[in-house]
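# Examining the three-dimensional arrangement
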Amino acid sequence: MANSKDSRAVALARAHLEAWTNHDFDTVRDNLADGVQFFSPAANLTGIDEYMDAPRGLTQFARQVVPASLRIFAAVGDERNALIMYEVSTATKVFPSAQTWLLDEHGKIKVERIVSYMAPRDV
């Protein structure tokens, strides 16, 4: 991956993180390819509806996140791939994570994967 914080994939991944951490679920949904695949320690999900609404889907977790709590530590990527290290906070915990995103040919998120996850720490 090229070392570019301004690449298309990094820009979309940053915008996607900002959207869900601020509970803008319409924007989140618009960022996703129809057959989006999501892989995490909590769930493996396929398709927009599962990604958003499954019991371990994004909406269920994101609603607990304090808006504006996103802190990005590092971002790297190219036109189709992004890797971002970040953390978000709930009322009681901080969740550090590293994720990758792969965009499809239309610039939508095709694959999202949590590649590193630490146990949350108390706030």
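In this report, the structure presented in the accompanying data block is examined. Since the structure is predicted, the reported quantities are computational estimates derived from the model, not experimental observations.

### What about the layout of surface pockets?
The computed volume of the largest pocket comes to approximately 470 Å³. In this structure, the largest pocket is lined by 22 residues; those nearest its centre are Phe38, Ser40, Ala42, Phe61 and Ile114. Put simply, the parts of the chain that give the lining of the largest pocket at least two residues each are α4 (58-62), β4 (81-89), β5 (93-103) and β6 (109-117). Ranked by the residues each element gives to the lining of the largest pocket, the list is headed by β5, at four residues. Tallied by class, the residues present in the lining of the largest pocket amount to 15 nonpolar, five polar and two charged.

### A word on the pairing of strand β1 (residues 32-39)
Bridge count between β1 and strand β2 (residues 44-46): three bridges; the pairing is antiparallel. Paired with Gln37 across the bridge in β2 is Thr46. Joining the antiparallel neighbours β1 and β2 is a turn of four residues.

### A word on the side chain of Thr90
Relative to the helices and strands, Thr90 is located in the loop between β4 and β5. What makes Thr90 buried here is its relative accessible area of 9%. Leaving out residues up to four positions away in the same chain, Thr90 has contacts with Gln64, Val65, Val66, Phe95 and Val123.

### What about unusual backbone geometry?
A positive phi is found at His23, a non-glycine position, where the angle reads about 65°. Mapped onto the elements, His23 comes out in the loop between α1 (8-21) and α2 (25-30). Residue His23 is classed as partly exposed on the basis of its relative accessible area of 29%. Here the phi dihedral of Ala68 falls at roughly 70°; this positive angle occurs in a residue that is not glycine. For Ala68, the position within the fold is in the loop between α4 and β3 (71-77). Given a relative accessible area of 68%, Ala68 falls into the exposed group.

Cut-offs and rules
- Throughout, residues of each chain are indexed from 1 in the direction in which the sequence is written.
- Local features in a predicted model are, by the rule used here, given only for residues with pLDDT of at least 70; side-chain atom pairs are given and counted only at 80 or more, and totals for whole chains, interfaces and linings are based on all residues.
- In computing side-chain properties, one takes all heavy atoms of the structure into account and sets aside hydrogens as well as water.
- Think of a 1 Å grid over the protein atoms and nothing else: a 1.4 Å probe that fits but is trapped marks a cavity, an open set flanked by protein within 12 Å on at least five of seven lines marks a pocket, and residues with an atom within 4 Å of a point count as lining.
- Grid points are joined across faces, edges and corners, and a volume is the space filled by probe spheres set on the points.
- Only runs of H or I of at least four residues qualify as helices and only runs of E of at least two qualify as strands under DSSP, and these elements are numbered from the N terminus.
- The residue classification treats Ala, Val, Leu, Ile, Met, Phe, Trp, Tyr, Cys and Pro as nonpolar and Asp, Glu, Lys and Arg as charged. All others, Gly included, are polar.
- DSSP calls a pair of strands paired once it identifies at least 2 bridges connecting them.
- Only protein chains enter the calculation, and the probe is 1.4 Å; a residue is then buried if its accessible area is under 20% of its type maximum, exposed if over 50%, and partly exposed in between.
- Residue contacts are counted whenever heavy atoms from the two residues lie within 4.5 Å of one another.

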